[in-house]
Amino acid sequence: MVTVTFIESNGNAKTVESPEGSTLMEAAVKNGVGGILAECGGACTCATCHIYVDEAWTAKVGSASGDEAEMLTLAIDPAPNSRLSCQIALNAELDGLVVRVPVAQF
Ligand code: FES
C-alpha cells in the first residue's frame, strides 16, 4: 500500500492508503477526498482531478507532458507543480506523497 496525504482546500489534511498501481485520483475518490471530481473517470479528458504536488515531491512525481499538459491548460490556476491526479500511478517510490487540492476544479 502507498500512503498519500491530500490537503483539501480548507486546509484539512487527509491521509489515505491505496494499492500500488492505483492512480492518485482513485485514491482520492475511494477515500472521499473533497474537491477531486474526476468527471471523465480517469481518461485525461476533463481536468477536474487537478492537484498541486508538494514542492518536496515534484522531482519524484515528475511533470505533466503530452495530453495531460494540454488538459492542464484548461484547469483553474495551473502552476508548475500542477498534475492531473488520474495520470499519476502510485508506487513504492511515492509512499508518503503530499498533494494539495485546488479551491475549485472549474
Ligand atoms: Fe478526468 Fe483526470 S479524471 S482528467
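Predicted model, so just to flag it, every value in this text is computed and none were measured. (Residues numbered from 1 in each chain as written. Predicted model: local features only at pLDDT ≥ 70, side-chain atom pairs only at ≥ 80, totals over all residues. Heavy atoms only, no water.)

(A) The sheet that holds strand β3 (residues 50-53), seen in detail. Across the sheet, which stays open at both edges, the five strands sit in the order β2-β1-β5-β3-β4 with mixed pairing between neighbours. The sheet terminates laterally at β2 (13-18) and β4 (82-84), the two strands that pair on one side only. Each strand axis lies, on average, 35 degrees off the axis of its neighbour in the sheet, ignoring direction. Where strand β1 (residues 2-7) lies against β2, six bridges are found, and the strand directions are antiparallel. Bridged to I7 within β2 is A13. (Pairing = 2+ DSSP bridges. Helix = DSSP H or I, 4+ residues; strand = E, 2+ residues; numbered from the N terminus. Axes fitted to C-alpha atoms, helices over the stretch in contact; angles between N-to-C directions.)

(B) Fine view of unusual backbone geometry. One non-glycine residue, A38, adopts positive backbone phi at about 50 degrees. The exposure class assigned to A38 is buried, which follows from its relative accessible area of 14%. The backbone of D77 shows a phi angle near 50 degrees, a positive value even though the residue is not glycine. Structurally, D77 can be placed in the loop between α3 (66-72) and β4. On the basis of relative accessibility, which here comes to 58%, the residue D77 falls in the exposed class. (Buried < 20%, exposed > 50% of the residue type's maximum accessible area, 1.4 Å probe, protein only.)

(C) Examining the side chain of D54 more closely. The topology assignment puts D54 in the loop between β3 and α2 (58-61). A polar atom in the side chain of D54 sits 3.0 Å from the backbone nitrogen of A56. In this structure D54 touches V98, V99 and R100, once residues within four positions along its chain are discounted. (Polar contact = N/O pair within 3.5 Å; in protein donor to acceptor, adjacent residues only side chain to side chain. Contact = heavy atoms within 4.5 Å.)

(D) Local environment of the nonpolar core. Counting residues in hydrophobic clusters, the biggest one holds 31 residues, and the most contacted among them are V4, F6, L24, I36, L84, L90 and L97. Secondary-structure elements contributing two or more residues to this core are β1, α1 (24-30), β3, α3 and β5 (97-100). Once residues lying within four places of it in the same chain are set aside, the contact partners of L84 are C44, A47, C49, H50, E68, M71 and L72. (Core = buried A, V, L, I, M, F, W, Y, C linked by side-chain atoms within 4.5 Å.)

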